[in-house]
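Letter by letter, the chains look like this.
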Amino acid sequence: MRTYTIALAGNPNTGKSTLFNTLTGLRQHTGNWAGKTVLMAEGEFTYGKSAFRMIDLPGTYSLYSNSADEEVARDYIIFEQPDVTIVVLDATSLERNLNLALQVLEMTSRVVVCVNLIDEAKKRGVRIDLQMISKRLGVPCVAISARNKIGIDALMEQVEKVASGEISPEPVQIPYSKEIEEKVKELQPIIAQTLGTRFPTRWIALRLLDGDEGLLKSLRERMQEPTVPVKRERIGHEQTICH
Amino acid sequence: MSTSSIPLSDAATGSQICLDRIEVQGVLRRRLLDLGFVPGNIVEVVQKSPLGDPIAFRVNHTMIALRKEESSLIFGEYVGGDSL
Ligand SMILES: Nc1nc2c(ncn2[C@@H]2O[C@H](COP(=O)(O)OP(=O)(O)OP(=O)(O)O)[C@@H](O)[C@H]2O)c(=O)[nH]1
Ligand SMILES: [Mg+2]
């Protein structure tokens, strides 16, 4: 049986650990991320015909502000490349939560969006159009209540489909200004040449244009080289790219 | 750029401002964008401290206090509210 790796990403307090506990039960262990004081929780479970290893990432509002939590979450998605990343959203504050969802969709296409706390949303009279969210984002979208164990089967069904390749989501690509898009086009071949194609070149190009020193540092560490050549190709746009 | 654009630090309590530019730079800029201080979004001026600094704003249904250092670098236009 193949073991798929799944990461749980999302804003703080969206129910990631509740979902993690529901799925992994007692088969989990915690520790620290290498070199960081950030808690890491990992667990295993089987579901249907597949085995899964699940990582509960720290809750963050963004992946770009370079806090230790954000670096852990960003580096895990980019460097460990889980088979599926589940983005857990709080159904009662989608507007704020979707920022992180879009950031993750720029990094990987293997995403399932999970709208949690659907019980709470219903109670408040909030109706959520899952089909529309799924259509607009280009990835499967499932509503659950992690605490009440509702919707878990439907969620895992989509997760397994993405993990096995039965579904290959095509996430929406966020267009930037003409100037930024031109620079991205210039950078992409250089990045592919330097790093190969194991990393999403568009995303790396955007981070370089953003002047993201934290990411460059992580890249250098991973490549175990004193300097990454791509640094020299950096274009000095200090302006932050915004969604 | 519109001429009626004002810094958030000058906006009246109770007013609503549609943002048009954010001139804060660096990591703090990123943080503000993540919190919802993005062009096109509407921010409500909730409350000023006795000395006028910091000021509490409501953005994306969340209350956020900013110092004048930052709020004077975020610009927008009045779109409503009960101050006018
Ligand atoms: N009503 C309701 N509450 C939930 C649901 N899932 C989780 N919660 C509650 O939401 C709170 C936060 O849940 P956690 O699982 O700790 O959230 P988290 O995403 O792991 O939070 P961080 O680790 O801080 O990022 C807890 O009080 C949960 O009981 C749900 O489906 N419905
Ligand atoms: Mg947690």
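Numbers given to residues run from 1 along each chain, matching the order in which its sequence is written. Chain letters start at A and ligand numbers start at 1, both assigned in the order the entries are written. Where local features are concerned, this predicted model is filtered to residues with pLDDT of at least 70; where side-chain atom pairs are given and counted, the filter is 80 or more; whole-chain, interface and lining totals use all residues. The basis for every side-chain value is the complete set of non-hydrogen atoms in the structure, without hydrogens or water.

The name an unreviewed UniProt entry gives chain B is Ferrous iron transport protein A, with Brevibacillus panacihumi as the organism.

Going by what an unreviewed UniProt entry lists, chain A is known as Iron transporter FeoB and is assigned to Brevibacillus panacihumi.

Asker: Explanation requested: the UniProt feature "domain: Ferrous iron transporter FeoA-like" (unreviewed entry) in chain B in the structure shown.
Answerer: UniProt positions are given in the numbering used here, feature names are shortened, and annotations may be inferred rather than shown by experiment. Sequence positions flagged by UniProt for "domain: Ferrous iron transporter FeoA-like" (unreviewed entry) are, in local numbering, residues 6-78 of chain B. To qualify as a helix, a DSSP run of H or I must reach at least 4 residues; to qualify as a strand, a run of E must reach at least 2; elements of each kind are numbered from the N terminus. Strand forms 44% of residues 6-78 of chain B and helix 19%; the C-alpha atoms that close the span are 8 Å apart.

Asker: Looking at this structure, how should I read the interface of chain A and chain B?
Answerer: Interfaces are often sized by the amount of accessible area the parts lose when they come together. Any pair of residues with heavy atoms lying within 4.5 Å of one another is described as a contacting pair. Tallying the contact residues gives 17 residues for chain A and 13 residues for chain B. By definition, a salt bridge exists where a carboxyl oxygen of Asp or Glu is found within 4 Å of a side-chain nitrogen of Lys or Arg. Applying the counting criterion to the chain A and chain B interface returns two salt bridges. Notably, a salt bridge pairs glutamate 70 of chain A with arginine 31 of chain B, separated by 3.2 Å at the nearest N-O pair. The definition of a polar contact used here is a pair of N or O atoms within 3.5 Å, where within protein one atom must be able to donate a hydrogen and the other to accept one, and adjacent residues in sequence count solely through side-chain atom pairs. Counting across the chain A and chain B interface gives five residue pairs in polar contact (both at pLDDT 80 or more). Of all the elements, helix H3 (residues 94-107) of chain A adds the most residues to the side of chain A that touches chain B, at four residues. The residue inventory of the side of chain A that touches chain B, partitioned by class, reads three nonpolar, eight polar and six charged. The residue classification treats Ala, Val, Leu, Ile, Met, Phe, Trp, Tyr, Cys and Pro as nonpolar and Asp, Glu, Lys and Arg as charged. All others, Gly included, are polar.

Asker: Looking at this structure, how should I read the sheet that holds strand S3 (residues 42-48) of chain B?
Answerer: To summarise the sheet geometry, strands pair through backbone hydrogen bonds and adopt either a parallel or an antiparallel arrangement. Residues and elements named next belong to chain B. When DSSP finds at least two bridges between two strands, those strands are taken to pair. Taken together, six strands build an open sheet; the order of strands is S1-S6-S2-S3-S4-S5 and the sheet is antiparallel. This sheet does not close on itself; its edge strands, each paired only once, are strand S1 (6-7) and strand S5 (62-66). Bridge count for S3 against strand S4 (residues 55-59) is four bridges, and the pairing is antiparallel. What sits directly across from glutamine 47, in S4, is alanine 56.

Asker: What am I meant to see in the UniProt feature "domain: FeoB-type G" (unreviewed entry) in chain A here?
Answerer: As recorded in UniProt, the feature "domain: FeoB-type G" (unreviewed entry) lies at residues 3-165 of chain A. As annotated, residues 3-165 of chain A has a helix share of 39% and a strand share of 28%, and its two end C-alpha atoms lie 14 Å apart.

Asker: Just to check I follow, could you spell out the sheet that holds strand S3 (residues 39-47) of chain A for this structure?
Answerer: All names here are of chain A. Here we have seven strands laid out as an open sheet, ordered S2-S3-S4-S1-S5-S6-S7, and mixed in their pairing. Each of the sheet's edge strands pairs with one partner strand only, and the pair in question is strand S2 (28-32) and strand S7 (141-143). Between one strand axis and the next, the sheet turns through 25° on average, direction left out of account. Every axis in this analysis is a line fitted to C-alpha atoms, fitted for helices over the stretch in contact. Angles between the N-to-C directions lie between 0 and 180 degrees. Sheet contacts for helix H5 (residues 130-137): strand S6 (111-116) and S7; angle to S7, the most-contacted strand, approximately 155°.

Asker: Hey, could you run me through the packing of aromatic side chains in this one?
Answerer: The aromatic pairing rule takes the rings of Phe, Tyr and Trp, using the six-membered ring of Trp, and pairs them if the centres are within 6.5 Å, calling planes under 30 degrees apart stacked, those over 60 edge-to-face and the rest tilted. According to the stated counting rule, one finds six aromatic pairs over all chains in the structure shown. Taking 5.9 Å as the distance between ring centres and 40° as the angle between the ring planes, the aromatic pair formed by tyrosine 4 of chain A and phenylalanine 52 of chain A counts as tilted. Of the two residues, tyrosine 4 of chain A is situated in strand S1 (residues 3-10) and phenylalanine 52 of chain A in strand S4 (residues 50-56); the sequence distance between them amounts to 48 residues. The same class applies to tyrosine 4 of chain A as to phenylalanine 52 of chain A, namely buried. An aromatic cluster is present here, built from Tyr4, Phe45 and Phe52 of chain A joined pairwise through their rings. In this scheme, Lys NZ or Arg CZ marks a charge over a ring once it lies within 6 Å of the ring centre and within 35 degrees of the ring normal. Lying across the ring of tyrosine 64 of chain A, arginine 207 of chain A places its NZ or CZ 3.6 Å from the centre. Sitting above the plane of the phenylalanine 75 of chain B ring, arginine 21 of chain B keeps its charged end 4.1 Å from the centroid. Think of it in three bands: with a 1.4 Å probe and only protein chains considered, a residue is buried below 20% of the maximum accessible area for its type, exposed above 50%, and partly exposed in between.

Asker: I keep staring at the pattern of salt bridges and nothing clicks. Help me out?
Answerer: Two side chains with opposite charge may pair up if their charged atoms get near one another. Scanning the entire structure with this criterion turns up 23 salt bridges over all chains. When the shortest N-O distance is used, the salt bridge between lysine 36 of chain A and glutamate 71 of chain A registers 3.7 Å. Taken together, the residues lysine 36 of chain A in the loop between S2 and S3 and glutamate 71 of chain A in helix H2 (residues 68-80) connect sequence positions 35 residues apart. Given a relative accessible area of 16%, glutamate 71 of chain A falls into the buried group. Connected via shared salt-bridge partners are Arg74, Asp75, Arg207, Asp210 and Asp212 of chain A together with Arg30 and Asp34 of chain B.

Asker: Is there a simple way to explain the site of ligand 1 in this structure?
Answerer: Residue and element names in this part refer to chain A. Near residues are defined by distance, with any heavy atom within 4 Å of the molecule or strand qualifying the residue. Not every one of the 14 residues close to ligand 1 is listed here, only the nearest: Lys16, Ser17, Thr18, Asp119 and Ser145. Threonine 18 places a side-chain nitrogen or oxygen 2.6 Å from an oxygen atom of ligand 1. One of the side-chain N or O atoms of aspartate 119 is found 2.9 Å from a nitrogen atom in ligand 1. Every accessible area reported is derived by Shrake-Rupley at a probe size of 1.4 Å, with residue values counting cover from the shown protein chains alone. For ligand 1, the accessible surface in isolation is 660 Å², of which the surrounding protein chains cover 73%. Its residues placed into classes, the shell around ligand 1 shows three nonpolar, eight polar and three charged.

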